[in-house]
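An overview of the molecular structure
Spelled out from the first residue to the last, the chains are:
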Amino acid sequence: MSKIITSIKEMQAQSAALRAKGNSIVFVPTMGFLHDGHRALLVAGRKMGSTLVMSIFVNPAQFGPKEDLSAYPRDLDRDLKMAEDEGVDIVFTPSAPDMYPDGFKTFVEVEGLSNTLCGASRPGHFRGVATVVLKLFNLVMPHKALFGKKDFQQIKVIEQMVKDLDLPVEITGVETVREMDGLAMSSRNSYLGPQERTAAICVPKAMEEARKLVDAGEAESRIVIEKVKKIIEKEPLAMIDYIRVCRSDNLEDAPVIDEGSMLFLAVKVGKARLIDNTSLK
Ligand code: PAF
């Protein structure tokens, strides 16, 4: 049985005791409503240390005022079953008032990386992510932490924070897990109705076409972006937020495609905002 800890103080005390005994703590932070993408993080994490901790916390600080905080899907019983199946030792489920008590005033801002791509469409999002991840690191005190590569920008922001603030934790990115038809797994896919679910395939399809174009010798990002745009625009239920080709190291636009270039997309289908990315070479 995974141990469930809700108290911040208890989590910190437990982690300090585990560390004192020489355990290596591996951490998978989540917002719950787990899917096979989370399972892949847990499976990889289980092999990386002696104690596997997963947090479930829908972090209000990373949602904008008009976003889906109250609608965000939740299913704690199902999540606990997956935790159990994947050998999670501790499930940490703090409450929002404990994480952000009255008078909370400190936020972490990772400049630059936080303001492009999803950060441009969701102002304050990565400030909320960096803040909660730093708090969770201080509570769980992990040696290692795992994040999914679907949220590539999130990994970059966290890596930068870890570097700048000298946090003693090693970050690992885990490959995106996809449905049979290529759609990246996401808790928010549950917002998609049947027609929208079919429409959502335009995202992995466009990424595949982009890769084919580059494989065939296209090196101009502008041409690749145009092709991706055309494919997505053919789908009447899809609304493009952004399509960009950026360098994977600093997320700056890459006009010419090389080994470090990645395609990043955000597309709204119904209530779901789908994000995805792929290397182009
Ligand atoms: O990727 C997520 O689920 C969240 O952004 C995270 C890292 C758990 C922080 O709330």
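We now turn to the structure provided with this report. Please read these numbers as outputs of a predicted model, since none were measured by experiment.

1. Notes on the site of the ligand
- Taken together, P29, T30, M31, N59, Q62, V132, F147, D151 and Q154 make up the full set of residues near the ligand.
- A distance of 2.7 Å separates an oxygen atom of the ligand from a polar atom in the side chain of Q154.
- Protein burial of the ligand: of its 290 Å² of free accessible surface, 89% is covered by the chains.
- Across the shell around the ligand, the residue classes tally to 4 nonpolar, 4 polar and 1 charged.

2. Examining the side chain of Q62
- Looking at the element boundaries, Q62 is found in the loop between strand 3 (51-56) and helix 3 (76-85).
- Residue class for Q62 comes out buried when judged on its relative accessible area of 9%.
- Not counting residues within four places of it along the chain, the set of residues in contact with Q62 comprises M31, E67, R122, H125, G128, V129 and V132.

3. Focus on helix 7 (residues 152-164)
- When the terminal C-alpha atoms of helix 7 are compared, their 18 Å separation across 13 residues agrees well with the 18 Å that a helix rising 1.5 Å per residue should span.
- Within helix 7 the residues assigned to the buried category are F152, Q153, Q154, I155, K156, V157, I158, M161 and V162.
- D166 sits one or two positions beyond helix 7 and adopts a positive phi of about 50°.

4. Some remarks on the sheet that holds strand 1 (residues 3-5)
- With respect to topology, 6 strands assemble into an open sheet ordered 1-4-3-2-5-6, the strand pairing being parallel. Each having just a single partner strand, strand 1 and strand 6 (170-174) make up the two edges of the open sheet. Ignoring which end each strand starts from, the neighbouring axes of this sheet average 25° apart.
- As paired strands, strand 3 and strand 4 (residues 90-92) are joined by 3 bridges and run parallel to one another. Pairing of S55 across the sheet is with F92, part of strand 4.

5. Let's talk about empty space enclosed by the protein
- Applying the stated rule across the entire model yields 1 cavity of 30 Å³ or more.
- Volume-wise, the largest cavity comes out at about 50 Å³.
- Ranked by residue count, the leading element in the lining of the largest cavity is strand 9 (residues 272-279), at 4 residues.
- A class-by-class count of the residues in the lining of the largest cavity yields 5 nonpolar, 2 polar and 3 charged.

6. Details of unusual backbone geometry
- One non-glycine residue, F33, adopts positive backbone phi at about 50°.
- Relative to the elements of secondary structure, F33 occurs in the loop between strand 2 (25-30) and helix 2 (36-46).
- Phi at M141 is positive, roughly 50°, even though this residue is not glycine.
- Relative to the helices and strands, M141 is located in the loop between helix 6 (125-140) and strand 5 (144-148).
- Residue classification places M141 among the partly exposed positions, given a relative accessible area of 24%.

7. Here's the deal with the pairing of strand 5
- Summarising the sheet, strand 2 and strand 5 pair through 2 bridges and their orientation is parallel. Directly across from F27, in strand 5, lies its bridge partner A145.
- The pairing of strand 5 with strand 6 spans 5 bridges and is parallel. Bridge pairing in strand 6 links K144 to E170.
- Crossover strand 5 to strand 6 through helix 7 is right-handed.

8. Some words on the nonpolar core
- Within the largest apolar cluster, 45 residues are counted, with the highest numbers of intra-cluster contacts made by F137 and I171.
- The leading source of residues in this core is helix 6, at 10 residues.
- For F137, the residues in contact, after removing those within four places along its chain, are F27, P142, A145, F147, I158, V162, L167, V169 and I171.
- Residues V224, I232, I257 and L280 belong to the second largest nonpolar core, which totals 31 residues.

9. Describing the state of the cysteines
- Evaluated as defined, the whole model comprises 0 disulfides.
- Free of any disulfide, C118 has its nearest neighbouring cysteine sulfur in C246, separated by 11 Å.

10. Here's the deal with helix 10 (residues 221-233)
- Between its first and last C-alpha, helix 10 extends 18 Å over 13 residues, near the 18 Å set by a 1.5 Å rise per residue.
- Buried residues of helix 10: S221, V224, V228, I231 and I232, and no others. Taken down its axis, helix 10 places every buried residue within 95° of arc, on the same side. Among the exposed residues of helix 10, those pointing more than 90 degrees away from its buried face are R222, K230 and E233.
- On its buried face, helix 10 sits against helix 9 (202-215), strand 7 (238-247) and strand 8 (261-269).

Reading the values: rules and limits
- Residues numbered from 1 in each chain as written.
- Predicted model: local features only at pLDDT ≥ 70, side-chain atom pairs only at ≥ 80, totals over all residues.
- Heavy atoms only, no water.
- Near = heavy atom within 4 Å.
- Polar contact = N/O pair within 3.5 Å; in protein donor to acceptor, adjacent residues only side chain to side chain.
- Areas by Shrake-Rupley, 256 points an atom, 1.4 Å probe, with all protein chains shown as cover.
- Nonpolar A, V, L, I, M, F, W, Y, C, P; charged D, E, K, R; others polar.
- Helix = DSSP H or I, 4+ residues; strand = E, 2+ residues; numbered from the N terminus.
- Buried < 20%, exposed > 50% of the residue type's maximum accessible area, 1.4 Å probe, protein only.
- Contact = heavy atoms within 4.5 Å.
- Expected span 1.5 Å × (residues − 1).
- Pairing = 2+ DSSP bridges.
- Axes fitted to C-alpha atoms, helices over the stretch in contact; angles between N-to-C directions.
- 1 Å grid on protein atoms, 1.4 Å probe; cavity = no way out; pocket = protein on both sides within 12 Å on 5 of 7 lines; lining within 4 Å.
- Points joined across faces, edges and corners; volume = space filled by probe spheres on them.
- Right-handed = clockwise from strand over helix to strand, strands pointing away.
- Core = buried A, V, L, I, M, F, W, Y, C linked by side-chain atoms within 4.5 Å.
- Disulfide = S-S within 2.5 Å.
- Arc of directions from axis to C-beta.

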